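Residue-level listing of the chains:
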Amino acid sequence: MNLERLPNEEKLSLCRKYYLGGFAFLPFLWLVNVVWFFKEAFVKPDYTEQMQIKTYVKRSALGLLLWVTVLTTWITIFQRFRAEWGEVGDYLSFTIPLGIP
Amino acid sequence: MNASDSDEDSYNERTALVPSENPAIPSYTPDSDLDPPVDTPSKRSGVSRRAGPVAVDGGGGGGSDQEADADDEELTLKYGAKHVIMLFIPVTLCMVVVVATIKSVGFYTEKTDQQLIYTPFTENTASVGRRLLNSVLNTIIMISVIVVMTIFLVVLYKYRCYKFIHGWLILSSLMLLFWFSFMYLGEVFKTYNLAVDYPTVGVIIWNFGAVGMICIHWKGPLQLQQAYLILISALMALVFIKYLPEWSAWVILGAISVYDLVAVLSPKGPLRMLVETAQERNEPIFPALIYSSAMMWTVGMASPADAQRSGQETDEEAEQSSRGAEPENRQPRSFTEDDLEEDRGVKLGLGDFIFYSVLVGKAAATGGDWNTTLACFVAILIGLCLTLLLLAIFKKALPALPISITFGLVFYFSTDFLVQPFMDNLADHQFYI
């Protein structure tokens with residue numbers, strides 16, 4: 001899919017769909033949105049739909065940042081306190097490391 | 001683990017190397033008024049531009065008779081060299097992923113008594129003869145399953161049961177993207193002894209899978225789609241490496257290259273019929289089956305053939321939407337010459353990726369050391385080069401497996417049994433040559 005060749009309305013529609021899709025617990029989709037549409041939104045010379053694309057890209061970036069913060073916090077907490085939580089920690093664990101902690 | 005049918009069938013039609021078509025412009029004569037002007041400037045002007053339309057297809061090729069044959073040959077070669085590189089990179093990446101996994105994650109090389117239902121005969125037999133017989137029987141079963149699935153798919157395609165095929169492909173890619181990657185992630189974490197919790201894993205797999213489905217079956221950035229196709233080929237290859245017994249794997253590789261040769265080249269071969277039907281109808285072949293190395297764009301002309309050129313999202317639905325999109329995109333004759341430079345690229349079936357990686361992965365898993373692996377890797381790339389050369393000459397769909405797999409097998413066995421002991425002996429005796 002080459003963005004260059006799409007007409008502007010379609011670019012906007014695609015950006016919007018990616019933005020909306022990201023709300024389904026899909027920060028990766030927001031990341032793809034930001035990277036893919038970055039040039040379109042900020043580097044290219046102005047065109048009608050660009051303002052809206054810019055908003056979508058900015059909001060996707062915001063959402064992405066939020067998710068990254070939440071995930072990092074959770075992972076840090078989990079790694080630090082997993083052993084101390086005993087059963088709950090094991091219950092939550094997908095893989096449990098072997099050997100002496 | 002018993003892999004479901006949906007994996008098996010999907011690579012049958014993947015083992016073909018298809019030139020990206022410039023379709024259905026019947027033989028070009030420069031005097032004809034019917035010719036879309038897009039071809040005219042492309043044929044008269046710049047050499048590099050002609051590399052795309054001319055070298056790749058039969059229809060455009062007819063017109064180039066007009067021009068000097070010397071130009072034609074030069075173009076064919078130009079087409080070949082650039083596209084060879086464009087295919088080397090994904091094939092190499094896929095093989096690197098598979099070899100890296102095999103060497104680091106023990107799971108995929110662990111001996112297991114579990115086998116796929118397609119290879120019911122065990123190889124833990126007492127005598128060599130029995131083992132050989134079992135592997136041949138396994139191969140026969142496997143190949144028959146593949147043949148049946150391919151024919152089934154071609155029949156479905158011929159009778160336009162697109163929804164069924166579409167559903168089948170979606171199910172198959174769903175399984176690959178979610179279930180196999182979940183297993184893979186689990187094994188990687190176990191290997192590196194990391195503690196990971198279910199919520200994190202859930203988020204990772206959900207994101208990976210969902211974005212993968214979107215990119216492959218709908219619209220997404222080209223590089224991301226290519227990356228996903230490479231990853232699912234690698235995952236599939238890893239499953240094969242784990243669950244195919246030793247000797248059966250090698251015999252299957254040999255047999256499937258023969259099958260590929262027959263299926264693509266013989267007039268009644270299922271793969272050939274698939275490609276031809278797709279070309280007749282000017283439809284791209286399904287997504288999730290073909291890796292396309294470049295974005296094709298419809299150089300907007302009135303030719304109905306444009307439908308086929310629209311890109312690597314070769315999904316039935318995407319096809320409708322891209323066909324729908326074309327009328328708006330069409331800017332007849334106002335395209336500057338630069339636009340015509342859009343590269344058409346070459347397509348390689350995903351089955352080819354899978355079997356190349358199986359060969360190299362098996363060499364890495366069971367071969368002596370890195371010599372064998374590297375030898376197989378080089379052999380496959382050489383085979384790919386030759387296949388692309390043939391593609392540039394013959395300009396029609398060609399099987400990509402036979403040459404590469406043959407070279408790969410030859411190199412594997414000769415390196416393992418001849419070169420390896422030779423090098424070891426030399427090193428033992430400190431004899432440098």
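Residues numbered from 1 in each chain as written. Chains lettered and ligands numbered in written order. Predicted model: local features only at pLDDT ≥ 70, side-chain atom pairs only at ≥ 80, totals over all residues. Heavy atoms only, no water.

An unreviewed UniProt entry lists chain A under the name Gamma-secretase subunit PEN-2, with Anoplopoma fimbria as the source organism. Note on chain A: under the UniProt heading Sequence similarities (unreviewed entry), the record states "Belongs to the PEN-2 family." Entered under Subcellular location (unreviewed entry) in the UniProt record, the comment concerning chain A runs "Golgi apparatus, Golgi stack membrane". (UniProt positions renumbered as here; feature names shortened; annotations may be inferred.)

S.K.: Could you give an account of the overall build of chain A, naming the residues involved and the relevant values?
M.R.: Each helix and strand counted, chain A has four helices and one strand in total. Along chain A, from the amino end to the carboxyl end, the secondary structure elements read α-α-α-α-β. At 20 Å, chain A has a C-alpha radius of gyration far larger than the 13 Å of a compact globule built from 101 residues. By its C-alpha atoms, chain A is 60 × 20 × 20 Å across when sized along the principal axes. (Helix = DSSP H or I, 4+ residues; strand = E, 2+ residues; numbered from the N terminus. Rg over C-alpha atoms; globule rule 2.2 N^0.38 Å.)

S.K.: Explain the pairing of strand β4 (residues 346-349) of chain B residue by residue, including any values.
M.R.: For a regular strand, side chains alternate in direction, first toward one face of the sheet and then toward the other. Residues and elements named next belong to chain B. Side chains of β4 alternate between two faces, with V346 and L348 and K347 and G349 buried alike. Alignment of strand β3 (residues 290-292) against β4, held across three bridges, turns out to be antiparallel. Within β4, the position partnered with I290 by the bridge is G349. (Buried < 20%, exposed > 50% of the residue type's maximum accessible area, 1.4 Å probe, protein only. Pairing = 2+ DSSP bridges.)

S.K.: How would you sum up the interface of chain B and chain A? Please name residues and give values.
M.R.: Taken together, the contacts link 36 residues of chain B with 31 residues of chain A. Roughly 2900 Å² is buried in total at the junction of chain B and chain A, and carbon and sulfur atoms are behind 64% of that figure. Applying the counting criterion to the chain B and chain A interface returns zero salt bridges. At the junction of chain B and chain A, the tally comes to six residue pairs in polar contact (both at pLDDT 80 or more). Every element with two or more residues in the side of chain B that touches chain A is listed here: α8 (162-191), β2 (196-197), α9 (198-217), α10 (222-243) and α14 (316-329) of chain B. Per element, the largest residue contribution to the side of chain B that touches chain A is ten residues, and it comes from α9(B). Looking at the side of chain B that touches chain A residue by residue, the class counts come to 22 nonpolar, seven polar and seven charged. (Contact = heavy atoms within 4.5 Å. Buried area = accessible area lost by both parts, 1.4 Å probe. Salt bridge = Lys/Arg side-chain N within 4 Å of Asp/Glu carboxyl O. Polar contact = N/O pair within 3.5 Å; in protein donor to acceptor, adjacent residues only side chain to side chain. Nonpolar A, V, L, I, M, F, W, Y, C, P; charged D, E, K, R; others polar.)

S.K.: Give a detailed account of the packing of α8(B) against α9(B), specifying residues and quantitative values.
M.R.: Residues and elements named next belong to chain B. Where α8 meets α9, the axes come as close as 10 Å, and the angle between the chain directions of the two elements is 145°. Crossing hand, α8 versus α9: right-handed. Together, L169, I170, S173, L174, L177, F178, S181, F182, L185 and F189 of α8 and V201, I204, I205, W206, F208, G209, A210, G212, M213, I216 and H217 of α9 make up the contact between the two elements. Residue composition of the contact of α8 with α9, by class: 16 nonpolar, five polar and no charged. (Axes fitted to C-alpha atoms, helices over the stretch in contact; angles between N-to-C directions. Left-handed = near helix turned anticlockwise from the far one by under 90°.)

S.K.: I'd love a proper account of the UniProt feature "transmembrane region" (unreviewed entry) in chain A, names of residues and values included.
M.R.: The sites that UniProt annotates as "transmembrane region" (unreviewed entry) are residues 20-38 and 59-77 of chain A. Helix makes up 100% of residues 59-77 of chain A and strand 0%. Its end C-alpha atoms lie 27 Å apart.

S.K.: Quick rundown of the state of the cysteines? Include the residues and the values.
M.R.: Evaluation of the coordinates by the stated rule reveals zero disulfides over all chains. Of the cysteine sulfurs around C215(B), a residue in no disulfide, the closest is that of C15(A), at 14 Å. C215(B) gets classed as buried once you look at its relative accessible area, which sits at 1%. (Disulfide = S-S within 2.5 Å.)

S.K.: Summarise α10(B); cite the residues concerned and give the values.
M.R.: Here α10(B) contains 22 residues, and its C-alpha end-to-end distance of 32 Å stays within 8% of the 32 Å for a straight helix at 1.5 Å per residue. Among the 22 residues of α10(B), 19 are classified as buried, and the element is accordingly described as predominantly covered. (Expected span 1.5 Å × (residues − 1).)

S.K.: Requested: an account of the confidence of the model for chain A, with residues and values cited.
M.R.: Across chain A, pLDDT averages 88, with 98% of residues at or above 70. Summarising per-element confidence for chain A, the mean pLDDT is lowest in helix α4 (residues 87-92) of chain A (76) and highest in helix α3 (residues 50-81) of chain A (93). (pLDDT = per-residue confidence, 0-100.)

S.K.: Tell me about the packing of α3(A) against α9(B), residues and numbers included.
M.R.: At a minimum axis distance of 10 Å, the contact between α3(A) and α9(B) shows a crossing angle of 145°. Helix-helix and strand crossings are classified by hand; for α3(A) and α9(B) the assignment is left-handed. Residues W67(A), L71(A), W74(A) and I75(A) of α3(A) form the contact with α9(B), whose own contacting residues are P199(B), T200(B) and V203(B). Residues belonging to the contact of α3(A) with α9(B) are distributed by class as follows: six nonpolar, one polar and no charged.

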